[in-house]
Amino acid sequence: MTEPELVLKTTPPRLLRGAAKRDRLQPFWISARERAAILLAAPAGFGKTTVLLQWRRQWMEQGALVAWLSTDRQDEPMRFTLGLLHAVGNVSGKAVFGALAIQCENSIDQEVATLTALLGEIALLGTDTVLMIDDAERLPEATVLTALQYLLLNAPANLHVVMGSRVLLPLPIAELVAKGNLAVLKTEDLRFRLEESIDILDRRLGQRLSVHQSAKLHDTVQGWPIGLQFAISRIEYADDAARAADTFSARHGDLQSYFVDALFSGFSASDADFLIRIAILDYLHADLCEAVTGHPRAAALLDALARETPLMMMGGGEGWIRLHPLAREFLLERFEALPRAEQVQLHTHASRWFAGRERFHEAARHALAAGDEEQAYAYAMRAMWMLGTHGRLAEAREWLTRIPSRILAGDMSFKLVAAWVWALGDRHEEALRIGLKAAADPANTPQRLMVALWVAGAAAIFSDRLGLVPELVARWPQAAAQVEEPVYFAAPVNGTCIVALHAGLTGKVRELASQVAKHGEGGSLRLTAAMSKTMVGLSHLWDGNAYLAELALRPLLAAAETEEGRRSTIACTYASVLAAATLQRGQSEAAQALLANRLDVIDGCYPDVILSAYYTLVRIALDKGDERRALALLDRLDELAQQRKSPRLQLHSLAERVRIHALSGRAETVAKLVAALEQLAPVFRRKAYQPFLLQFSLACAIAKAYAAFVRHHFDEVERQLKSADALAHQLNRNQDVHALKVLRAVLARRRGAVEAAALMSEAIGLAQLGGNVRLLIDTHPDAVRMAGELLPSPANEQALSAVPVKQGLLTTKEAEILQLLEKGMPNKLIARTLDISGETVKWHLKNLFQKLSASTRRHAVDRARLLGLIDE
């Protein structure tokens, strides 16, 4: 190997200025940096080299020697060993490595002896030495099994080998990991999370995209780093960034060239044809792909594609994978160029395969694509119940728009299936009517009666007619226990569960949910189980415990996103309630990210989920000073209330508008809104809506208290707060109990009463127990200012130290850093002043930015002044 070749192989590439900093991987690096080896294994485009270069810089900042070696297919054991010697010699400056290199070049079959000498000399260096090996998948297998394996198994304590590879190398990985010698980062670890994509897009594009648009783009590229980079390249210089983002596609531009040049050109003609033909399949399985294409090596080819390229992603259960959406889009363009006869044949093969396994939804889709409408509709009707019970409501609704009404009208079973889907959408009244009529049929079998009652119950819940649910549950046949499908047991339990929630019986909610959980969560229980778990999260929020709500829902959301995607009904349901908890925990950006590119799906969920999302987005908009956006969201909620005929959605839209306008002193507007609220009273006295009557009265009392504050009618404020407090306690609405204490403290302060400080301290302490750091900000701006004025004692400061010292928002350290930020100090000076590390400063700044909904240091200071956290 020539000297220039060695120089090129041992010179690290340049770390581009705009490269995304992978802060999320920092904990992994900290925990793994003392290991003998680290392996980054992921297909092309996942940023392995970038991560290696960033870690190289970090190790060098800590005084380590960091050698670099880029490998290739010519690196047989001796050549590989020679490269290692030059790499370590370059960074150590020790002549001994050069001497060993000369010895290596003049020796034959002495690689092990030379490697032993290399390891011995590294040990003698007496300092941490890191050897980074990039493109390790190119190494010949003989080199991996001999030289590389020897290097890993005999590394001295001060040597750390870090490898980047497109595939898992044929090493004893399990053994090395078990012994603590190896740490592995795989594809899913390197895939961007949503918050990372949003952050990168904001930094690169200067916030030209909304969070919603950024989330949509993230969903398009599925967190694939190079896919996001191609998107940025397309949008960066576009006049209309939003349009460029919406039209980003693998069918043209640089991304198309990447697929053609970097990926597609490496396949044989037979393999490329195989890929084009399986692009019609949502999920891929070796047997399915072989049946559709006739390719005899389908299993081996799928396995190789999944291991070595970014074209494939896990999904769909054991043995199933799926094409990356961008890769699929690229391939479908080529599929559409095939002769129509061949397209029909491929879809027909797929339809028959799925039908033979009773996967009728997929069978219907492919039958329709093949032009066989009658067969497609027959399959679709058999699939509809499964789609609904599994929470795949968008697909079910799409079929209902296609299936001729004559098919539905001719069979009550079909009509009930359709009504089930309508019940979970926006045709509640029609679904309720069909369900009740079917339930009244004296010729019903127990199972038919349960289906009819289930349809009627779902329609009642989704339309907020909770007053009908107890009677429907009471009519449930006792034969439910003998039916094989456990969903027939779980459905009435869920009905009782949601009634208990709105009666304030949160303990009973969790007890009933545990009964549902005993029956599992798969098959037809999928949506029912998810609804039960969501109600557990809602019960914790009802109790005023955002911490427990987050603890319950975060792992559920992660699993749902992995199994079904971000925009599935179940994932969006979890995300809505989790966002409300996350916001209360002081993480507004994370809450907004949870809801990004999901609101249209959430609009089709049941009302509690809808309200969680809208309340969260309204508060986030107000945090940013965007009152117009907040009111527009409430207008949209009101429109949804009219569309769904839901007085509860209308109630909360009006009540939140009262609060917003009252805090801005708009007395006349507030009076009109309160009058509109009062007009809803007769509705909530009806049997169907009566379970919400106490909540209506509570919302009215709080609204009237805000209205009285505007008019400075403090006796009226006191009367309304007293009434609201009694109702909140009756309903066990701890969240409202805490807010009412704050309002009572504000009232006491305005009257000059001495109990103001005690009330405020108690409210903050109770909120702190449930992890709610936003109590003061979300209740009244006076409360934020009061906390600093009325709570100066060391005892109170200590009581608030976890949530906020004085102001009820920031921790002690965050408050100190905010004061130094206001003085214009850079991070290094802040670190020296507070005697903490620079990384700790960055961590606190990140939390500050989240809590203050700020994007820059100056923005954070301005927001803090607005909230009274910094004296003017």
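Position numbers for residues start from 1 in each chain and track the written sequence from start to end. For a predicted model such as this one, the threshold for reporting local features is a pLDDT of at least 70, and the threshold for listing and counting side-chain atom pairs is 80 or more; totals across whole chains, interfaces and linings nevertheless cover every residue. Water and hydrogen atoms play no part in the side-chain values, which are based on all heavy atoms of the structure.

Notes on empty space enclosed by the protein
- A cavity, in this analysis, means grid points on a 1 Å lattice covering only the protein atoms where a 1.4 Å probe fits yet has no way out; a pocket is instead an open set bounded by protein on both sides within 12 Å along at least five of seven lines, and a residue lines either one if it has an atom within 4 Å of a point. Grid points are joined across faces, edges and corners, and a volume is the space filled by probe spheres set on the points. With the rule as written, the count across this model stands at five cavities of 30 Å³ or more.
- Lining the largest cavity we find 37 residues, and of these Tyr-615, Arg-619, Arg-733, Gln-735 and Asp-736 sit closest to its centre.
- The classification used treats Ala, Val, Leu, Ile, Met, Phe, Trp, Tyr, Cys and Pro as nonpolar, Asp, Glu, Lys and Arg as charged, and all other residues, Gly among them, as polar. A class-by-class count of the residues in the lining of the largest cavity yields 19 nonpolar, nine polar and nine charged.
- Each pocket or cavity is described by its volume, and for the second largest cavity that value is around 330 Å³.
- Around the second largest cavity sit 27 residues that line it, and Trp-420, Trp-454, Ala-458, Ile-461 and Met-531 are the ones nearest its centre.
- Starting at the N terminus, helices and strands are each numbered in turn, a helix being any DSSP run of H or I of at least four residues and a strand any DSSP run of E of at least two. Listing elements by their share of the lining of the second largest cavity, those giving two or more residues are α26 (446–462), α27 (469–474), α28 (487–502), α30 (526–542) and α32 (569–584).

Considering the pairing of strand β3 (residues 129–134)
- The buried count for β3 comes to six of six residues, which makes it a mostly enclosed element.
- Buried means the residue's accessible area, taken with a 1.4 Å probe over protein chains only, is under 20% of the maximum for its type, while exposed means over 50%, and partly exposed covers the values in between. Going residue by residue along β3, you find Thr-129, Leu-131 and Ile-133 tucked away on one face and Val-130, Met-132 and Asp-134 tucked away on the opposite face as well.
- Two elements, strand β2 (residues 65–70) and β3, share six bridges in a ladder whose sense is parallel. Its bridge partner being in β3, Leu-65 is matched across the sheet by Thr-129. By the convention used here, strands pair only if DSSP detects at least 2 bridges between them.

Digging into the pairing of strand β4 (residues 159–165)
- When you tally the buried positions in β4, you get seven out of seven residues, the bulk of the element.
- The alternating pattern of β4 places Leu-159, Val-161, Met-163 and Ser-165 on one face and His-160, Val-162 and Gly-164 on the opposite face, and all of these are buried.
- Across five bridges, strand β1 (residues 37–41) lies against β4 in parallel orientation. Among the inter-strand pairings, Ile-38 is bridged to a residue of β4, identified as Val-162.
- For β3 and β4, the ladder comprises five bridges, and the chain directions are parallel. Residue pairing across strands places Thr-129 opposite Leu-159, the latter belonging to β4.

Quick look at the side chain of Thr-616
- Tracing the chain through its elements places Thr-616 in helix α35 (residues 607–623).
- Each residue touching Thr-616, except ones within four places of it in the same chain, is listed here: Ala-579, Ala-580, Leu-583, Ala-591 and Leu-595. Here, two residues are considered to be in contact whenever any of their heavy atoms come within 4.5 Å of each other.

Quick word on a nonpolar patch on the surface
- Exposure above 30% relative accessible area and no salt bridge define the residues that can form patches, which grow by joining like charges within 9 Å and nonpolar side chains of Val, Leu, Ile, Met, Phe, Trp and Tyr within 5 Å. Per-residue and other accessible areas were derived by the Shrake-Rupley procedure at a 1.4 Å probe size, with only the shown protein chains allowed to occlude residues. By definition here, a salt bridge exists when the distance from a side-chain nitrogen of Lys or Arg to a carboxyl oxygen of Asp or Glu is within 4 Å. A cluster of nonpolar side chains, contributed by Tyr-547, Leu-548 and Leu-551, occupies part of the molecular surface with about 270 Å² of accessible area.
- Relative to the helices and strands, Tyr-547 resides in helix α31 (residues 546–564).
- The partly exposed category is assigned to Tyr-547, whose relative accessible area is 40%.

Some thoughts on helix α16 (residues 286–293)
- Every buried residue of α16 is accounted for by Ala-286, Leu-288, Cys-289 and Val-292. For α16, the angular spread of the buried residues around the axis is 160°, confining them to a single face.
- Residues of α16 that are buried make contact with α15 (269–278), α17 (298–308) and α19 (340–356).
- Trailing α16 by a residue or two, Gly-294 shows a phi angle of about 75°, which is positive. Note that the arc is defined by the directions from the helix axis to the C-beta atoms.

Quick look at the packing of helix α21 (residues 373–389) against helix α24 (residues 412–423)
- Axis definition: a line fit to C-alpha positions, over the contact stretch in the case of helices; interaxial angles, taken between N-to-C directions, run 0 to 180 degrees. Axis separation between α21 and α24 bottoms out at 9 Å; the angle between their running directions is 30°. Judged by the angle between their axes, α21 and α24 are roughly parallel. In this structure, α21 meets α24 at a crossing whose hand is left-handed. Contacts between α21 and α24 involve Met-381, Met-384, Trp-385, Gly-388 and Thr-389 from the former and Phe-414, Val-417, Trp-420 and Val-421 from the latter.
- Of the residues assigned to the contact of α21 with α24, the class counts are seven nonpolar, two polar and no charged. An angle counts as roughly parallel when it lies under 35 degrees, as roughly antiparallel when it exceeds 145, as roughly perpendicular when it falls between 65 and 115, and as oblique in every other case. Here a crossing is called left-handed whenever its near helix is offset anticlockwise from the far helix by less than a right angle, and right-handed whenever the offset is clockwise.

Side note on the confidence of the model for the protein
- Scored from 0 to 100, pLDDT records how confident the predictor is in each individual residue. Scored by pLDDT, the protein comes out at a mean of 86, with 92% of its residues at no less than 70.
- For the protein, the element scoring lowest by mean pLDDT is helix α46 (residues 794–799), at 37; helix α39 (residues 681–684) scores highest, at 96.
- In the predicted structure, residues 792–808 sits below a pLDDT of 50 and forms 38 contacts with residues beyond four places in sequence or in another chain.

Brief notes about unusual backbone geometry
- The backbone of Asp-464 shows a phi angle near 70°, a positive value even though the residue is not glycine.
- Looking at the secondary structure, you find Asp-464 in the loop between α26 and α27.
- One non-glycine residue, Lys-645, adopts positive backbone phi at about 55°.
- The residue Lys-645 is located in the loop between α36 (627–644) and α37 (647–663) in this model.

Digging into the nonpolar core
- In this structure, Leu-281 and Met-312 are the most contacted members of the largest nonpolar core, which totals 224 residues.
- Once residues lying within four places of it in the same chain are set aside, the contact partners of Leu-281 are Leu-288, Cys-289, Val-292, Arg-328, Ala-350, Phe-354 and His-366.
- To define a nonpolar core, start from buried Ala, Val, Leu, Ile, Met, Phe, Trp, Tyr and Cys residues and group those joined through side-chain atoms within 4.5 Å. Within the second largest apolar cluster, 41 residues are counted, among which are Val-66, Trp-68, Ile-232 and Leu-326.

Examining the packing of aromatic side chains
- Aromatic rings from Phe, Tyr and Trp, with only the six-membered ring used for Trp, were paired whenever their centres fell within 6.5 Å, and each pair was classed as stacked if the ring planes differed by under 30 degrees, edge-to-face if by over 60, and tilted otherwise. For the coordinates displayed, the defined rule picks out eleven aromatic pairs.
- When the centroid spacing of 5.5 Å and the interplanar angle of 40° are considered together, the rings of Trp-385 and Trp-420 count as tilted. With Trp-385 in helix α21 and Trp-420 in helix α24, this residue pair connects regions lying 35 residues apart in the sequence.
- Site record: aromatic cluster; members linked through ring pairs are Trp-385, Trp-420, Trp-454 and Tyr-488.
- In this scheme, the term charge over a ring applies when either NZ of a lysine or CZ of an arginine sits within 6 Å of the ring centre and within 35 degrees of the ring normal. Sitting over the face of the ring of Trp-320, Arg-359 holds its NZ or CZ atom 4.6 Å from the ring centroid.

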